[in-house]
Amino acid sequence: MKLDRESFNIGSCIGCGHCTFACPASHFERNFSPRGTAENFVLHGMERLDLWSCLTCGACRTVCPEGVEFPSFMRAVREERRATSIPVRSHAGIIDSIRSLDASGKGIGRSNEWVTEDMHLEGSSDVALFVGCLPMLDVVFKDLKVDLVGILRSAVYILNEMGIRPRLLDGERCCGHDAYWLGEMDTFDRLARMNLDAIGRSKVKTIITVCPECSNTLGQIYPERFGDGGYKVMHIAEVAAKGIEDGTLEAERDEAVYTYQDPCRLGRHSGVYDEPREIVSALGKLKEMPRNREMAACCGSTCFAQCDHIVKKWQVARLEEARGTGADALMTACPKCMIHLSCAQKDFGTYKDRPKIPLKDVSVALAENIRRRE
Amino acid sequence: MTWEPTIIAFCCNWCAYAGADLAGVTRLQYPSNIKILRVMCSGRVEPGMVLKCFENGADGVMVLGCHIGDCHYKIGNRKAEARVTDTKRLLALMGISEERLLLKWISASEGALFAETGRDFVERIRALGPLKGGFK
Ligand code: FES
């Protein structure tokens with residue numbers, strides 16, 4: 001695709017700078033701003049653009065009065081310049097390696113060793129649970145001690161409580177979210193084809209994911225690129241909120257105060273703001289952070305592409321904001337938010353204990369709450 | 001054409017690589033399937049590197065270093081041990097047999113052991129067959 005001023009409305013930028021104010025990256029990274037990037041592109045082309053500071057979190061798009069699709073623009077520039085610009089390889093490349101090994105089609109399919117005896121799964125169900133990369137990330141980030149498979153287990157528990165027996169997809173691969181946003185389109189296409197095949201083979205109607213990145217990719221990006229696959233995608237928080245509403249899930253409210261971090265893929269990218277909040281309010285008192293909903297600040301990294309001292313600074317700022325609400329715990333609905341924010345808490349360096357606040361995944365908290373009364 | 005396994009052997013500079021050298025100098029026979037990659041220490045081998053090998057056509061990967069206590073960088077091979085354990089878990093989760101990854105300590109004087117390890121590993125991979133996908 002040839003990028004020009006018409007692409008993604010970039011040429012209609014009026015230079016108002018709302019985006020730069022909304023963008024968490026440009027608050028801390030002096031050399032990057034969405035407006036500056038758009039201007040640079042219009043005047044000088046894409047040669048000197050900073051490709052990797054943008055988190056594609058979508059805050060800029062929300063405030064833009066001219067409808068500039070900045071995140072998609074950034075993705076397209078990355079795709080275009082992939083050959084000449086050095087791609088980011090954080091964590092010594094393990095995340096990329098997992099993705100591209102998955103995309104090579106090797107291996108006889110995922111082993112589901114996280115599944116325990118007491119879970120009810122049903123091979124012929126038309127509801128599937130999309131596992132995603134969590135079991136692998138659990139190994140990679142084991143020193144952070146975020147129990148990522150615990151999120152999967154809680155999701156299955158919640159579904160079982162609601163009387164849903166999900167199946168797992170045979171031949172499931174990485175959803176390709178990271179590949180898509182980093183502009184690795186050949187990897188993304190291969191992964192997507194394999195997943196669509198797996199979905200087609202199993203004839204499922206509903207796919208439930210625990211990770212907003214998966215639900216956004218499967219639910220919006222696949223249909224955009226490959227046409228409607230005839231399935232519906234829901235994040236576990238949406239399902240659980242329904243359960244709470246119609247009474248199949250009964251949570252007990254306690255005195256605790258929680259605050260909630262909107263994951264960008266669930267909030268701004270998929271428009272799911274209320275459902276996770278319903279869950280949180282069913283568990284305790286919800287106290288919002290100053291920046292919430294459409295204007296929530298990103299957890300600091302997408303696709304594991306940005307992780308440096310600059311990102312750490314705003315993660316600390318976000319965690320302080322959460323602590324400032326006086327909440328007992330910070331809830332989120334995204335495993336990646338859990339990873340990035342607990343990493344920031346672990347390596348707070350000279351920040352002493354300022355950013356410390358317990359982190360919790362909404363589905364884990366809900367499952368714990370229900371289990372407690374059994 | 002019959003299939004021949006492709007093996008990548010990460011050898012640490014100070015022991016295993018010298019061991020491989022010795023095997024060559026003493027004219028011991030070992031299969032030509034083994035492609036040696038020299039690293040300064042077995043602790044340098046990251047899970048990502050091993051997965052990359054599998055992605056790009058390796059059927060088996062060996063990580064060879066100094067015996068515990070002999071590492072030139074003191075604890076590099078301890079790190080290698082932990083990393084290989086993690087990598088094996090990752091492989092198992094992704095549906096690749098952990099048999100395809102081997103960690104072994106070979107000192108600079110053990111040329112015969114290098115040749116033998118190589119021969120055994122090639123046979124093991126031959127028995128496992130090429131690394132293929134289950135769902136294409
Ligand atoms: S130098 Fe040989 S294993 Fe560390």
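A few words on the overall build of chain B. What chain B contains, in helices and strands, is 4 helices and 4 strands. Counted from the first residue to the last, chain B has its helices and strands arranged as β-α-β-α-β-α-β-α. Whereas a compact globule of 136 residues would reach a radius of gyration of roughly 14 Å, chain B reaches 14 Å, a difference of no more than 12%. If one aligns the C-alpha atoms of chain B with their principal axes, the spans along those axes are about 45 × 35 × 20 Å. Once local pairs closer than 6 in sequence are excluded, the contacts in chain B between residues at least 24 apart make up 80%.

All right, on to the interface of chain B and chain A then. On the side of chain A, 28 residues touch chain B, which itself brings 23 residues to the contact. Of the roughly 2,300 Å² buried between chain B and chain A on both sides combined, carbon and sulfur atoms contribute 61%. Linking chain B to chain A there are 2 salt bridges. In this structure, the salt-bridge partner of A:Lys142 is B:Asp86, at a minimum N-O distance of 2.5 Å. Our enumeration of links across chain B and chain A arrives at 11 residue pairs in polar contact (both at pLDDT 80 or more). Those elements that provide at least two residues to the side of chain B that touches chain A are helix H2 (47–55) and helix H3 (76–93) of chain B. Broken down by element, the residue count for the side of chain B that touches chain A peaks at 6 residues, all from H2(B).

Right, let's talk about the confidence of the model for chain B for a bit. In this model, chain B carries a mean pLDDT of 93, and residues with pLDDT of at least 70 account for 98%. Two numbers describe this predicted complex: its pTM, 0.91, and its ipTM, 0.90.

This paragraph deals with unusual backbone geometry. Residue and element names in this part refer to chain A. Of note, His91 is a non-glycine position whose phi angle comes to about 50 degrees, a positive value. Mapped onto the secondary structure, His91 falls in the loop between helix H5 (70–81) and helix H6 (94–103). With phi around 55 degrees, Lys203 is a residue other than glycine that occupies positive phi space. Structurally, Lys203 is set in the loop between helix H10 (185–202) and strand E3 (206–209).

Moving on to the pattern of salt bridges. The full count for this structure, using the stated rule, is 26 salt bridges over all chains. Across the salt bridge formed by A:Asp102 and A:Arg110, the nearest N and O atoms sit 2.5 Å from each other. Its relative accessible area of 18% is what places A:Arg110 among the buried residues. Note that B:Glu123 and B:Arg126 form a salt bridge whose closest N and O atoms lie 3.5 Å from each other. Taken together, the positions of B:Glu123 and B:Arg126, both in helix H4 (residues 111–128) and 3 residues apart, correspond to about one turn of that helix.

Moving on, we come to the packing of helix H14 (residues 309–324) of chain A against helix H15 (residues 335–346) of chain A. Each pair of packed helices gets described by two things: the angle between the helix axes and the distance between those axes. All names here are of chain A. For the pair H14 and H15, the least separation of the axes is 10 Å and the interaxial angle reads 95 degrees. By the angle between their axes, H14 is roughly perpendicular relative to H15. Together, Lys312, Gln315 and Leu319 of H14 and His340, Leu341, Cys343, Ala344 and Gln345 of H15 make up the contact between the two elements. Taken together, the residues of the contact of H14 with H15 break down into 4 nonpolar, 3 polar and 1 charged.

Let's shift gears to the packing of aromatic side chains. Residues and elements named next belong to chain A. For the structure shown, the criterion picks out 10 aromatic pairs over all chains. Their ring planes at 55 degrees and their centres at 5.0 Å tell us that Tyr180 and Phe188 sit as a pair that is tilted. Accessibility classification places Tyr180 together with Phe188 in one group, the buried group. Residue placement shows Arg75 over the ring face of Tyr180; its charged tip is 4.8 Å from the ring centre.

All names here are of chain A. As paired elements, E3 and strand E4 (residues 232–235) share 4 bridges and run parallel to each other. Note on E4: the bridge partner recorded for Thr206 is Lys232. The parallel pair E3 and E4, bridged by helix H11 (residues 212–226), forms a crossover whose chirality is right-handed.

Here the focus is the layout of surface pockets. Approximately 430 Å³ is the volume found for the largest pocket. Every residue lining the largest pocket is counted, 18 residues in all, and those nearest its centre are A:His91, A:Ile94, A:Val140, A:Phe141 and A:Asp143. Within the residue set of the lining of the largest pocket, elements represented by two or more residues are helix H7 (134–140) and H15 of chain A together with H2 and H3 of chain B. Considering only residue class, the lining of the largest pocket consists of 9 nonpolar, 2 polar and 7 charged. Quantified by volume, the second largest pocket comes out at close to 200 Å³. Listed by contribution, the elements that provide at least two residues to the lining of the second largest pocket are helix H8 (148–161), H15, strand E8 (359–361) and helix H16 (362–372) of chain A. Classifying every residue of the lining of the second largest pocket by side-chain character gives 6 nonpolar, 3 polar and 5 charged.

Cut-offs applied
Residues numbered from 1 in each chain as written. Chains lettered and ligands numbered in written order. Predicted model: local features only at pLDDT ≥ 70, side-chain atom pairs only at ≥ 80, totals over all residues. Heavy atoms only, no water. Helix = DSSP H or I, 4+ residues; strand = E, 2+ residues; numbered from the N terminus. Rg over C-alpha atoms; globule rule 2.2 N^0.38 Å. Contact = heavy atoms within 4.5 Å. Buried area = accessible area lost by both parts, 1.4 Å probe. Salt bridge = Lys/Arg side-chain N within 4 Å of Asp/Glu carboxyl O. Polar contact = N/O pair within 3.5 Å; in protein donor to acceptor, adjacent residues only side chain to side chain. pLDDT = per-residue confidence, 0-100. Buried < 20%, exposed > 50% of the residue type's maximum accessible area, 1.4 Å probe, protein only. Axes fitted to C-alpha atoms, helices over the stretch in contact; angles between N-to-C directions. Parallel < 35°, antiparallel > 145°, perpendicular 65-115°, else oblique. Nonpolar A, V, L, I, M, F, W, Y, C, P; charged D, E, K, R; others polar. Phe/Tyr/Trp six-rings, centres within 6.5 Å; stacked < 30°, edge-to-face > 60°. Lys NZ or Arg CZ within 6 Å of the ring centre and 35° of its normal. Pairing = 2+ DSSP bridges. Right-handed = clockwise from strand over helix to strand, strands pointing away. 1 Å grid on protein atoms, 1.4 Å probe; cavity = no way out; pocket = protein on both sides within 12 Å on 5 of 7 lines; lining within 4 Å. Points joined across faces, edges and corners; volume = space filled by probe spheres on them.

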